[in-house]
Amino acid sequence: MSNMRDVIGLRMPYGKTKTQFETEFEPASGTLWGYFNPKGTACFSLGLLKDIRAHDSALAVNGGHIDVDGVSSKVNYYVLGSRAPRVFNLGGDLALFVLLIKARDREALAHYAKLCIDNMYPRIQDFYSSTLTTISLVQGDALGGGFECVLSSDVIVAEESAQMGLPEILFNLFPGMGAYSLLSRRIGMRAAEELILSGRVLPAKQLHEMGVIDVLAQDGEGENAVRDWIAKNSKRRNGMQAVFKARKLVQPVTREELDAITDTWVDAAMRLEDRDLKMMSRIVRAQMRRMESGNVTDVTAEALALSA
């Protein structure tokens, strides 16, 4: 491990402290792999958000380079995935939302939203590197904020059994941490609004047909599909990354836009009524059952069944 050139093709751990966000580095392709490894429910808890930020802020400050055993290494690709079985991420910390809304603590809710954008925006901007490509690897459910996180990458690879959706409308809210901005740039504003307002959770195949997902992989083959995509595009990487940069210039997602939308989200959240918070709590219980027993295959359907 002290000589990275001798371990081409092997993954190497980056960072020594065990956190809720783990990373590995493949020097041969310059690929950094980041994995959510949450404690408890696979949602964006404050702890997970802070652990992601602690890692990614260093990558952004260093211009797309990481330090591996004292050696500065350039990152060409940054792949984001999850170690939670059959779950990418179930979204925002709904249990925390319920507590803060009931306590009328707008400031704390706004702080949570800002922390989400602090994580999302550098990824949308490829960590301020003109030669870094971001990839989302989805091998399970990506709901709400989890789906927003998926959308923040340049390229989305998903396994066939993965499901994605924005269920916030079920509790009278909307996904306020980037979904509208990012989804509308992939499939158009009207289609994005229809998906957001439907609250539907869709299979990866359908999202691939809609143009949301770039690469559809067989179950269990997601990581191989990412490597195949990287290998296939290696000879044209410079031109491809320039195209992704042009995409951001033609349809920019600014920090100001994201912050303004999160302000709208916080205002809307503070207007939620008891019946809305009860539905949010039902989704929390369905998420917990999903993580504990694994017998819940559709969290939103389970929550709707509890409300019937």
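Below is a short write-up of the structure. (Residues numbered from 1 in each chain as written. Predicted model: local features only at pLDDT ≥ 70, side-chain atom pairs only at ≥ 80, totals over all residues. Heavy atoms only, no water.)

## Thoughts on the overall build of the protein chain
Then comes step 1: Across its full length, the protein chain holds 12 helices and 13 strands.
Then comes step 2: In terms of overall size, the protein chain behaves like a compact globule, its C-alpha atoms giving a radius of gyration of 19 Å where 308 residues would be expected to give roughly 19 Å.
Then comes step 3: Expressed as lengths along the three principal axes of its C-alpha atoms, the size of the protein chain is roughly 60 × 40 × 40 Å.
Then comes step 4: Residue burial in the protein chain is summarised as follows: out of 308 residues, 54% are buried.
Then comes step 5: The contacts of the protein chain with a sequence gap of at least 6 include a subset with a gap of at least 24, amounting to 69%.
Then comes step 6: The averaged location of the 38 negative side-chain charges in the protein chain is 1 Å from the averaged location of its 36 positive side-chain charges. (Helix = DSSP H or I, 4+ residues; strand = E, 2+ residues; numbered from the N terminus. Rg over C-alpha atoms; globule rule 2.2 N^0.38 Å. Buried < 20%, exposed > 50% of the residue type's maximum accessible area, 1.4 Å probe, protein only. Contact = heavy atoms within 4.5 Å. Lys, Arg positive; Asp, Glu negative; His and termini not counted. Charge placed at Lys NZ, Arg CZ, Asp CG, Glu CD.)

## Regarding the pairing of strand β5 (residues 71–74)
Consecutive residues of a regular strand have side chains that alternate between opposite faces of the sheet.
Then comes step 1: Two elements, strand β4 (residues 65–68) and β5, share 4 bridges in a ladder whose sense is antiparallel. Considered in β5, the bridge of Ile66 is made with Ser73. (Pairing = 2+ DSSP bridges.)

## Comments concerning the pairing of strand β6 (residues 77–82)
Then comes step 1: Among the 6 residues in β6, 6 count as buried, and that is most of the element.
Then comes step 2: Alternating positions in β6 separate into two faces, Tyr77, Val79 and Gly81 on one and Tyr78, Leu80 and Ser82 on the other, with burial throughout.
Then comes step 3: Taken together, the 6 bridges between strand β3 (residues 31–36) and β6 define a ladder with parallel strand orientation. In the sheet register, Tyr35 faces β6, and the bridge partner there is Gly81.
Then comes step 4: Sheet topology places β6 next to strand β8 (residues 133–138); 4 bridges connect them, and they run parallel. By the bridge assignment, Tyr78 is partnered in β8 with Thr134.

## Concerning helix α8 (residues 222–232)
Then comes step 1: Among the residues making up α8, those that are buried are Gly222, Glu223, Ala225, Val226, Trp229 and Ile230. Burial along α8 is one-sided: seen end-on, the buried residues are contained in an arc of 160 degrees. The exposed residues of α8 that point more than 90 degrees off its buried face are Asp228, Ala231 and Lys232.
Then comes step 2: In this fold, the buried residues of α8 make contact with β3, β6, β8, β10 (155–159), β13 (215–217) and α9 (237–250). (Arc of directions from axis to C-beta.)

## Here we look at the sheet that holds strand β12 (residues 201–203)
Then comes step 1: The 4 strands are arranged β7-β9-β11-β12 in an open sheet whose pairing can be described as mixed. Strand pairing shows two members of the sheet lacking a second neighbour, β7 (87–89) and β12, which therefore form its edges. Strand-to-strand twist of the sheet, defined as the mean angle between neighbouring strand axes without regard to direction, takes the value 20 degrees.
Then comes step 2: In this structure, strand β9 (residues 141–143) lies alongside strand β11 (residues 163–165), joined through 2 bridges in parallel fashion. Bridge pairing links Ala142 to Met164 in β11. (Axes fitted to C-alpha atoms, helices over the stretch in contact; angles between N-to-C directions.)

## A short note on the side chain of Gln125
Then comes step 1: As for its position among the elements, Gln125 is in the loop between α3 (106–124) and β8.
Then comes step 2: Separated by 3.2 Å, the side chain of Gln125 and the backbone oxygen of Val253 make a polar contact.
Then comes step 3: For Gln125, the residues in contact, after removing those within four places along its chain, are Lys248 and Val253. (Polar contact = N/O pair within 3.5 Å; in protein donor to acceptor, adjacent residues only side chain to side chain.)

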